[in-house]
Amino acid sequence: MQPLTNKIKQVDRKPMTFMEKLYLPAIFKGMTITFSHIFKKKPTINYPEKQRPFSPVFRGLQILNRDEEGRENCTACGLCAVACPAEAITMEAAERQQGEEHLYKEEKYAAKYEINMLRCIFCGLCEEACPKDAIYLSETFTPADYQRKQFIYSKDDLLIPHPKENPDAYQKALGNRPQKVSEN
Ligand code: SF4
Ligand code: SF4
């Protein structure tokens, strides 16, 4: 059969020589390499005790943003879902009712908002598409898990903590990102 690439390498099946059967030269060579690495600087760190600083352009887990009053910014316009190349975002819109003005900034809000993290490629296009500063990619990893369904993040998972009820967690989720001042 014609090979697709020229990477095929014939395996040497010649019988081993006496020196090869002793294995000692190979063990000595392996140990030399091992010892030579002992005095080199470690390329790894002891995560999670130690953490590397994030790049200023790092794009991690999405956060659904609130304004400084704690109202949800998202108006369920769907622009982020349209912009998403991985089709990872789904949502359902709802009308704000009387008495809910302290919960939702505008008359329409996302009753349901989901991101499938198994699809997401953390490109940041959802953040760029959003006209309401309602979604941004934070400096947080998506935690590892064993079950696929745990990677469907709901609105509750994505919403930033309330700035007045939980200011410390809010500031932590905000990271170094400046909060825009509300126009309303
Ligand atoms: S970061 Fe990119 S892939 Fe992930 S949800 Fe946003 S637009 Fe979609
Ligand atoms: S996050 Fe932004 S772009 Fe997406 S639905 Fe909400 S307001 Fe629209």
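Coordinates for the structure precede this section.
My aim in this report is to walk through the structure given alongside it, one point at a time. This one's a predicted model, so the numbers in the text were calculated from it and none came from an experiment.

Turning our eyes to something else, we now look at the nonpolar core. Formed by 22 residues in total, the largest nonpolar core has its most connected members in L64, C74, C80, I89, C126 and I135. Secondary-structure elements contributing two or more residues to this core are β1 (62-64), β3 (108-116) and β4 (135-137). A per-element tally of this core places β3 first, with four residues. When sequence neighbours within four positions are dropped, the list of residues in contact with L64 reads E72, C74, Y113, A134, I135, K155, L158, L159 and I160.

On to unusual backbone geometry. For residues other than glycine, phi is negative in most cases, and the peptide bonds are mostly trans. Looking along the chain, the bond that leaves Y47 and enters P48 is cis, with omega of 5°. Mapped onto the secondary structure, P48 falls in the loop between α2 (24-38) and β1. Its identity is not glycine, yet A76 carries a phi of approximately 55°, on the positive side. Within the element layout of this structure, A76 appears in the loop between β1 and α3 (79-83). Taking the C-beta count within 10 Å as the criterion, A76 has 22 such neighbours and is therefore assigned buried. Despite not being glycine, D133 has its phi angle at roughly 50°, a positive value. Note that D133 resides in the loop between α4 (125-129) and β4.

In this section: the pairing of β3. Across seven bridges, the pairing between strand β2 (residues 89-95) and β3 is antiparallel. Bridge pairing links E95 to K108 in β3. Sheet analysis places β3 next to strand β5 (residues 152-153), joined by two bridges and oriented antiparallel. Bridge pairing in β5 places N116 opposite I152.

The next thing to look at is the site of ligand 1. Of all residues adjacent to ligand 1, which total 14 residues, the nearest are C84, C120, C123, L125 and C126. For the shell around ligand 1, the per-class residue count stands at 13 nonpolar, one polar and no charged.

What follows concerns the site of ligand 2. What surrounds ligand 2 is a group of 14 residues, the closest being C74, C77, L79, C80 and C130. Classifying every residue of the shell around ligand 2 by side-chain character gives 11 nonpolar, two polar and one charged.

A few words now on the environment of E49. Along the chain, E49 falls in the loop between α2 and β1. Separated by 104 residues in the primary sequence, E49 and Y153 have C-alpha atoms spaced 26 Å apart.

Taken in spatial order, the three strands line up as β2-β3-β5 in an open sheet, and their pairing is antiparallel. With partners counted over all chains shown, the strands left at the sheet margins are β2 and β5, one partner each.

Basis of the calculations
- Residues numbered from 1 in each chain as written.
- Chains lettered and ligands numbered in written order.
- Predicted model: local features only at pLDDT ≥ 70, side-chain atom pairs only at ≥ 80, totals over all residues.
- Core = buried A, V, L, I, M, F, W, Y, C linked by C-beta atoms within 7 Å.
- Buried ≥ 20, exposed ≤ 12 C-beta atoms within 10 Å, placed from the backbone.
- Helix = DSSP H or I, 4+ residues; strand = E, 2+ residues; numbered from the N terminus.
- Contact = placed C-beta atoms within 7 Å.
- Pairing = 2+ DSSP bridges.
- Near = placed C-beta within 6 Å.
- Nonpolar A, V, L, I, M, F, W, Y, C, P; charged D, E, K, R; others polar.

That's the geometry; what it means functionally is another story.
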